Structure formats: C-alpha cells, structure tokens
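Next come the chains, spelled out residue by residue.
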Amino acid sequence: MNTIIDPHSTNLKSRLINQVVKRLPFLTAGEVYTLAAILGEQFWEEDDEDSHNALGRVFSGLVNAGELPFESNGWTSNRHNEYRYKPIT
C-alpha cells in the first residue's frame with residue numbers, strides 16, 4: 001500500500017488510513033465490503049451519520065486515487081458503496 005499520511009493530512013484522513021491499516025489483516029482478498037465492514041463495527045458505531053458521510057467521501061477519494069487497496073464495486077441495495085479488497089502483490 002503506497003498511502004502515506006502527510007503531516008498536512010486532515011485528522012479525518014489520518015484517522016481513516018490508520019484504521020484501514022489496522023483492519024487489513026482481517027479482510028479477505030477479492031471479497032466485497034462496505035466501508036463499515038472495512039473499518040470495523042466498533043469504529044463505525046463511534047460516529048454519527050454526518051461523520052459516516054465524510055468518512056465515505058475521504059475513503060472514496062483515496063480509492064479513486066489508488067492510495068488504498070480497494071476498487072469500487074457499486075452500491076448495496078440500501079445505497080451504500082461497496083468496495084472489493086485488492087491487495088497489492
């Protein structure tokens with residue numbers, strides 16, 4: 001993973017990247033996850049809906065920039081983004 005936490009990164013971005021790195025060992029390559037599942041339920045439940053939306057925007061931006069080992073997989077039936085875990089080999 002080539003994501004670097006820049007000293008000028010926002011607290012939200014830094015917090016998100018740190019949590020993703022902690023959770024990667026618990027994810028299976030090729031599987032599809034929601035952001036809540038990637039981050040872990042305990043982490044996810046600490047925040048409110050506005051924070052979830054902000055986390056989603058930052059995560060999506062990092063994925064689209066190739067900074068996280070995931071690719072977009074569309075939407076769930078209740079309009080949450082899904083991501084496929086694609087570890088770098």
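For every chain, the first residue of the written sequence is number 1, and numbering continues from 1 along that sequence. Only residues with pLDDT of at least 70 are given local features in this predicted model, and only at 80 or more are side-chain atom pairs given and counted; all residues enter the totals for whole chains, interfaces and linings. Side-chain metrics in this entry use all non-hydrogen atoms of the structure; hydrogen atoms and water are not considered.

Moving on, we get to helix 1 (residues 11-23). Relative to the 18 Å expected for 13 residues at 1.5 Å per residue, helix 1 spans 18 Å between its end C-alpha atoms, a close match to the ideal helical length. In this scheme, a residue with accessible area under 20% of its type's maximum is buried, one over 50% is exposed, and one in between is partly exposed, where area comes from a 1.4 Å probe on protein chains only. Comment: elements are numbered from the N terminus, with helices defined as DSSP H or I runs of at least four residues and strands as E runs of at least two. The set of residues buried in helix 1 consists of Ser14, Leu16, Ile17, Gln19 and Val20. Where helix 1 is buried, its residues contact helix 2 (35-39), helix 3 (41-45), helix 4 (49-64) and strand 2 (70-75). Here the expected length of a helix is defined as 1.5 Å per residue gap, with one fewer gap than residues. The contact rule is simple, with two residues in contact once any of their heavy atoms fall within 4.5 Å.

Before going further, it helps to spend a moment on the pairing of strand 3 (residues 81-85). Note that strand 1 (residues 32-34) and strand 3 share three bridges and pair antiparallel. The residue of strand 3 that forms the bridge with Val32 is Arg84. A pair of strands is treated as paired once DSSP finds two or more bridges between them. Hairpin geometry of strand 2 and strand 3 is characterised by an intervening segment of five residues between the two adjacent antiparallel strands and by a positive phi of about 65 degrees at Arg79.

With that settled, consider the sheet that holds strand 3. The sheet built from three strands is open, its strands ordered 1-3-2 with antiparallel pairing. Edge positions in the sheet fall to strand 1 and strand 2, since each of these pairs with one other strand and no more. When the angles between neighbouring strand axes are averaged without regard to direction, this sheet yields 40 degrees. Pairing between strand 2 and strand 3: four bridges, direction antiparallel. From the neighbouring strand, Ser72 faces strand 3, where its bridge partner is Tyr83. Angular values range over 0 to 180 degrees, each being the angle between N-to-C directions of two axes fitted as lines to C-alpha atoms, with helices fitted over their stretch in contact.

Our focus in this paragraph is the nonpolar core. Counting 20 residues, the largest nonpolar core has Val20, Ile38, Leu39, Phe59 and Phe70 as its most contacted members. Those elements giving two or more residues to this core turn out to be helix 1, helix 2, helix 3, helix 4 and strand 3. With sequence-adjacent residues up to four places away left out, Val20 is seen in contact with Ile38, Leu39, Phe59, Leu68 and Phe70. For our purposes a nonpolar core is just a set of buried Ala, Val, Leu, Ile, Met, Phe, Trp, Tyr and Cys residues, chained together by side-chain atoms within 4.5 Å.

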